[in-house]
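# Observations on the model geometry
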Amino acid sequence: MDERATLRSHLNRWAPQTPHGAAAAEVIEVIAAAAVELAARIADGPLAGITGAGNGVNSDGDQQKDIDVLADEMMRAALRNAPVAAVLSEELALPETLNPDAPLCVAIDPLDGSANLENNISVGTIFSIRPRGNDILSTFFEPGTGQCAAGFVVYGPQTTLVLGHNGRVDIFILDRRTRQFLLIGQDVKIAPDTPEFAINASNRRHWHGPVRAYIDECLAGTNGDRGADFNMRWIGSLVAEAFRILVRGGVFLYPADARSGYREGRLRLLYEAHPMALIMEWAGGAATTGRRRILELGAKTPHQRVPLIMGSARGVRDVAAIHEGIEPMFDNSDAPLFARRGLFR
Ligand code: FBP
């Protein structure tokens with residue numbers, strides 16, 4: 001078998017090629033090392049004292065589990081040993097200042113989808129790295145195009161690290177024997193046109209017209225305008241959905257909907273949508289709210305939510321095309337227009 005590159009040797013090769021490459025490489029290495037520890041705790045679950053029990057709520061009102069708190073402590077402790085000026089974690093109300101003169105800022109969801117753990121479904125860590133501006137807080141609020149690297153770890157049957165850096169996306173797998181991440185996919189590209197979609201279909205009655213129109217067209221299969229039978233997937237774990245898209249394409253949608261608390265979608269811009277959008281684009285895919293490219297959005301608050309539609313370029317383009325020309329004020333409409341109107345009519 002060929003010898004695979006380690007994460008460290010890979011970063012050593014690429015880091016000198018961009019202005020913040022060396023500092024970002026240090027950050028990636030400490031996150032990866034913490035992920036190795038976290039993977040072991042997750043795999044042991046109740047054997048490591050992880051009960052999955054609720055520990056209260058975080059500053060933004062989300063349910064917090066014991067493992068969320070542990071993951072947050074592990075990741076922030078790791079980042080203290082890296083050139084990071086400040087970290088914004090899902091579990092913190094505001095960014096925490098670490099080394100104010102350091103060149104980078106990190107936004108992180110230490111453990112995304114922890115509600116899935118008691119069902120033994122994949123969960124993950126998502127992170128976004130950007131150069132620090134003069135004002136640390138406003139650095140986080142800049143558009144996602146300012147990110148210099150992003151990534152996510154999937155704690156699943158295998159522990160995998162997806163890394164967006166140097167305008168490309170590479171995938172690593174954890175070798176549990178050596179506790180090293182090894183390169184398994186280089187410069188991966190998302191299939192441009194895969195007839196597969198992922199959405200929480202139980203929310204259909206709350207969706208706005210353009211999303212309902214797109215999904216109805218997919219469901220119509222070869223009988224409908226799209227002329228293809230679509231496959232449906234929904235895991236309810238963002239990192240697992242993103243990984244599947246990198247491997248075999250398709251579109252993931254967590255749109256805004258009419259429920260209270262979901263008017264801006266469910267997912268968070270700074271540590272979920274921005275890093276995922278960077279990875280999608282660098283792998284040849286796309287990410288939009290339906291109306292705006294995710295990477296062009298800046299934030300007004302640390303935990304701002306955003307609709308996220310990402311994946312194969314063709315599918316994302318089709319969803320955006322349905323939104324075009326429809327005023328947002330009519331998004332909620334139940335008018336038959338949305339039941340029939342599609343890309344091709
Ligand atoms: P948390 O940020 O609370 O962990 O939730 C995020 C998430 O689990 C995503 O990973 C997933 O895409 C989504 O929520 C699932 O939402 P729903 O439960 O509405 O299907």
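Residues numbered from 1 in each chain as written. Predicted model: local features only at pLDDT ≥ 70, side-chain atom pairs only at ≥ 80, totals over all residues. Heavy atoms only, no water.

### Some details on the site of the ligand
Counted only if it meets this: One heavy atom within 4 Å of a molecule or strand is enough for the residue carrying it to be called near that molecule or strand. Polar contact is defined as a pair of N or O atoms within 3.5 Å, subject to the rule that within protein one atom must be able to donate a hydrogen and the other to accept it, and that residues adjacent in sequence are counted only when both atoms are side-chain atoms. Computed with a 1.4 Å probe, the accessible areas rest on the Shrake-Rupley method; for each residue, only the protein chains presented here act as cover. Residue polarity is assigned by list, with Asp, Glu, Lys and Arg as charged and Ala, Val, Leu, Ile, Met, Phe, Trp, Tyr, Cys and Pro as nonpolar; anything else, Gly included, falls into the polar class.
Around the ligand, 13 residues are found, and the nearest of them are Asp 112, Gly 113, Asn 200, Leu 238 and Tyr 254. A distance of 3.3 Å separates an oxygen atom of the ligand from a polar atom in the side chain of Glu 90. Note that an oxygen atom of the ligand is positioned 3.5 Å from one of the side-chain N or O atoms of Glu 272. When the ligand sits alone it has 480 Å² of accessible area, and the protein chains cover 81% of it. Looking at the shell around the ligand residue by residue, the classes come out as 4 nonpolar, 5 polar and 4 charged.

### Focus: the environment of Asp 44
For the record, the criterion: The helix count covers DSSP runs of H or I at least four residues long, the strand count covers runs of E at least two residues long, and both are numbered beginning at the N terminus.
Mapping Asp 44 onto the fold places it in helix H2 (residues 21-44). Along the chain, Asp 44 and Ala 93 lie 49 residues apart, while their C-alpha atoms are 29 Å from each other.

### Describing the state of the cysteines
Applicable threshold: Cysteine sulfur atoms are paired as a disulfide whenever they come within 2.5 Å of each other. When a residue's accessible area, from a 1.4 Å probe over protein chains only, is under 20% of the maximum for its type it is buried; when over 50% it is exposed; and in between it is partly exposed.
This model, assessed by the stated rule, comprises 0 disulfides. Cys 105 takes part in no disulfide bond, and the closest cysteine sulfur, belonging to Cys 148, lies 10 Å away. Its relative accessible area of 0% is what places Cys 105 among the buried residues.

### Considering the environment of Glu 241
The cut-off we apply is this: We call two residues in contact when some of their heavy atoms are within 4.5 Å.
Here Glu 241 lies in helix H6 (residues 238-248). C-alpha of Glu 241 to C-alpha of Leu 183: the two residues are 58 residues apart in sequence and 20 Å apart in space. For Glu 241, the contacting residues outside a window of four places in its chain are Ala 198, Arg 233, Trp 234, Ile 235, Gly 236 and Phe 252.

### Side note on the confidence of the model for the protein
Threshold: pLDDT gives the predictor's per-residue confidence on a scale running from 0 to 100.
Overall, the predicted model of the protein reaches an average pLDDT of 93, with 94% of residues at or above 70. In this model, residues 335-345 is a region of pLDDT below 50 whose contacts with residues beyond four sequence positions or in other chains number 23 contacts.

### A closer look at the sheet that holds strand S8 (residues 159-165)
Pairing between the strands of a sheet is mediated by backbone hydrogen bonds and can be parallel or antiparallel. Here is the rule: Any two strands with at least two DSSP bridges between them are considered paired. Here an angle of 0 to 180 degrees is reported between the N-to-C directions of two axes, which are lines fitted to C-alpha atoms, with helices fitted over the stretch in contact.
Read across the sheet, 8 strands follow the order S4-S3-S5-S6-S7-S8-S9-S10 without closing on themselves; strand pairing throughout is mixed. Looking along the sheet, the strands with just one partner apiece sit at the ends: strand S4 (96-97) and strand S10 (180-185). Inspection of the sheet shows strand S6 (residues 123-131) paired to strand S7 (residues 149-155) by 7 bridges, in the antiparallel sense. Counterpart to Ser 128 in the pairing with S7 is Ala 150. Sitting on the sheet, helix H3 (residues 66-79) touches strand S3 (84-89), S4, strand S5 (104-112), S6 and S7, and the angle it makes with S5 is about 155 degrees. Contacting S5, S6, S7, S8 and strand S9 (168-175), H6 runs over the sheet at an angle of about 105 degrees to S7.

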